[in-house]
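# Close look at the chain arrangement
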Amino acid sequence: MSRSKRKWDHIQYALETGQKRLTGFDDIKFVNQSLPGSNLDSVKLETKIGELSLSSPILINAMTGGGGERTYRINRELAIAARETGSAIAVGSQMAALKDPAERRSYEVVREMNPEGIILANLGSEATTGQAKAAIDMIQADGLQIHLNVVQELTMPEGDRSFAGALKRIIEIQQIVGIPVIVKEVGFGISAETADALVSAGIRYVDVGGFGGTNFAEIENKRRDRLLTFFEDWGIPTAASIIETKSASQELSVIASGGMQSSLDIVKALATGADGAAMAGYLLKTLMENGTEELIQEIQMMKNEIAVIMTAVGVHTIEELKSVPLVISGDTHHWLDQRGID
Ligand code: FNR
């Protein structure tokens, strides 16, 4: 199967399988404060993710590129939405364009449409240092995402089967690129153990890519005959993954992702320790069903709502959100309890 056909299949099946609601955010509740002392006009949405300064905590996460005119157009529209809403944006895996220069334009358009914005490059952990540099140069990236997707690869008939040496290659890349390297999952979640290994290796940025939203085991199963259905229920729910990752090191800058579907999900993710929140499937669906204008409006609306929720819990900055009281119940409480995480 061609790479380009696979990219389009991913988009189609992501839209078809949709977003689940299994992230664990519904287990997390804010405690109402009747004397919050806050003022909506004073709420600031700026956030720092390590060295990256963002005007809003919402990021558009890695989705696509390569694959011809259709993915070109999707990336172009996502880049316009990122520009108009001041959101950082990641491109999809650039390996396609490193192997075939004809595919470059669907990535380059993201920088063309959004010359001043924060843009993240994206490659898998099989990438070499040379490929990492080339991917960054292609879009003058401000950061590089390296995705880890073992369960997706194992579910893909043509996927990788050997995962040795990934951490070593990530370390080598981080040593030469000179911009933030963000290690991300794609919907199966980063564990405390993985975060610990990354921190020990000097990595400072993680995008948790937790379970509960877009499900790549389900998407890949649509492309094979004998289904590996056991992987469809496999992963660390996003809320638990944020807390696991933070428990490994408070020094880690954490991006929440995996099934983020609303302003409330985002504020809960920030309150559990994330510095920003990235959305993929939800924004793709909004774009494909309703168009670019609606996508821009949806992101603006979420930004307004984030400020409203921050007012209700009595904070004016994203940093202050990290110390508001939360009650965690249900499966997320059990998960954290059994994992020995407070
Ligand atoms: C993705 N995702 C992804 N991630 C990555 O690191 N490189 C990639 O090339 C892609 N490609 C891709 C295509 C499509 C169509 C989708 C929907 C997603 C994964 C994405 O960045 C994210 O980690 C997961 O989708 C989980 O987040 P959501 O969709 O639940 O918000």
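Described in the following lines is the structure provided in the data block. Here the residue index of a chain counts from 1 through its sequence in written order. It should be noted that, the model being predicted, local features are given only for residues of pLDDT at least 70 and side-chain atom pairs only at 80 or more, the latter also being counted only at that level, while totals for whole chains, interfaces and linings use all residues. In computing side-chain properties, one takes all heavy atoms of the structure into account and sets aside hydrogens as well as water.

Fitted lines through C-alpha atoms serve as axes, helices being fitted only where they are in contact, and the angles separating the N-to-C directions of these axes extend from 0 to 180 degrees. Under the DSSP-based scheme used, a helix requires at least four consecutive residues in state H or I and a strand at least two consecutive residues in state E, with every element numbered from the N terminus. It is at 7 Å that the axes of helix α12 (residues 281-290) and helix α13 (residues 292-313) come closest, and there the two elements cross at 140 degrees. Compared by their axis directions, α12 and α13 come out oblique. Relative to α13, α12 is oriented so that their crossing is right-handed. Of α13, the residues touching α12 (which contributes Y282, L283, T286, L287 and N290) are T292, E294, L295, E298, I299 and M302. In what follows, roughly perpendicular refers to angles from 65 to 115 degrees, roughly parallel to angles under 35, roughly antiparallel to angles over 145, and oblique to any angle outside these ranges. Handedness of each helix crossing follows the sense of rotation of the near helix against the far helix: counterclockwise by less than a right angle gives left-handed, clockwise gives right-handed. The criterion used for residue contact is that any of the two residues' heavy atoms lie within 4.5 Å.

Turning our eyes to something else, we now look at unusual backbone geometry. A negative phi angle characterises most non-glycine residues, just as the trans form characterises most peptide bonds. Phi at Q140 is positive, roughly 45 degrees, even though this residue is not glycine. One can find Q140 in the loop between α5 (129-139) and β7 (143-147).

Near the ligand there are 22 residues, and of these A62, M63, T214, G259 and G281 occur at the shortest range. Take K184: an N or O atom from its side chain is 2.8 Å from an oxygen atom of the ligand. Surface burial for the ligand is 95%, taken as the share of its 600 Å² of free accessible area covered by protein chains. Of all the elements, helix α1 (residues 3-17) adds the most residues to the shell around the ligand, at 3 residues. Looking at the shell around the ligand residue by residue, the class counts come to 8 nonpolar, 12 polar and 2 charged. It suffices for a single heavy atom of a residue to lie within 4 Å of a molecule or strand for the residue to be listed as near it. N or O atoms within 3.5 Å of each other form a polar contact, as long as, within protein, one can give a hydrogen and the other can take it, and as long as residues adjacent in sequence are counted only when both atoms are side-chain atoms. Only the protein chains shown count as cover for residues, with accessible areas throughout obtained via the Shrake-Rupley method and a probe of 1.4 Å. In this classification, Asp, Glu, Lys and Arg are treated as charged, Ala, Val, Leu, Ile, Met, Phe, Trp, Tyr, Cys and Pro as nonpolar, and every other residue, Gly included, as polar.

What follows is about the pattern of salt bridges. Take a side-chain nitrogen of Lys or Arg and a carboxyl oxygen of Asp or Glu: if they are within 4 Å of each other, that pair is a salt bridge. Within this structure, the stated rule accounts for 20 salt bridges. Residues K222 and E16 are paired through a salt bridge, measuring 3.4 Å at the closest nitrogen-oxygen approach. Taken as a pair, K222 in the loop between α9 (216-221) and α10 (238-248) and E16 in helix α1 lie far apart in primary sequence, 206 residues in all. Between buried and exposed lies partly exposed: a residue is buried under 20% and exposed over 50% of the maximum accessible area for its type, with that area taken using a 1.4 Å probe on protein chains only. Exposure remark for K222: the relative accessible area of 39% places this residue in the partly exposed category. Between E108 and R104 there is a salt bridge, and its shortest N-O distance comes to 2.8 Å. We classify E108 as partly exposed; its relative accessible area is 23%. Salt bridges sharing common partners tie together K5, R6, D9, E158, E220 and R223.

Positionally, N75 belongs in helix α2 (residues 69-85). Assessed through its relative accessible area of 3%, N75 is described here as buried. When neighbours within four sequence positions are excluded, N75 is seen to be in contact with T64, G65, S106, V109 and V110.

This part is about the packing of aromatic side chains. Aromatic rings from Phe, Tyr and Trp, with only the six-membered ring used for Trp, were paired whenever their centres fell within 6.5 Å, and each pair was classed as stacked if the ring planes differed by under 30 degrees, edge-to-face if by over 60, and tilted otherwise. All told, the structure shown has 2 aromatic pairs when counted by the stated rule. When the ring of F230 is compared with that of F231, the centres are 4.8 Å apart and the planes differ by 65 degrees; the resulting orientation is edge-to-face. By relative accessible area, F230 is classed as exposed at 51%. Taking relative accessible area as the criterion, F231 reaches 9% and is therefore assigned buried. Taking the centre distance of 5.0 Å and the plane angle of 80 degrees together, the rings of F231 and W234 count as edge-to-face.

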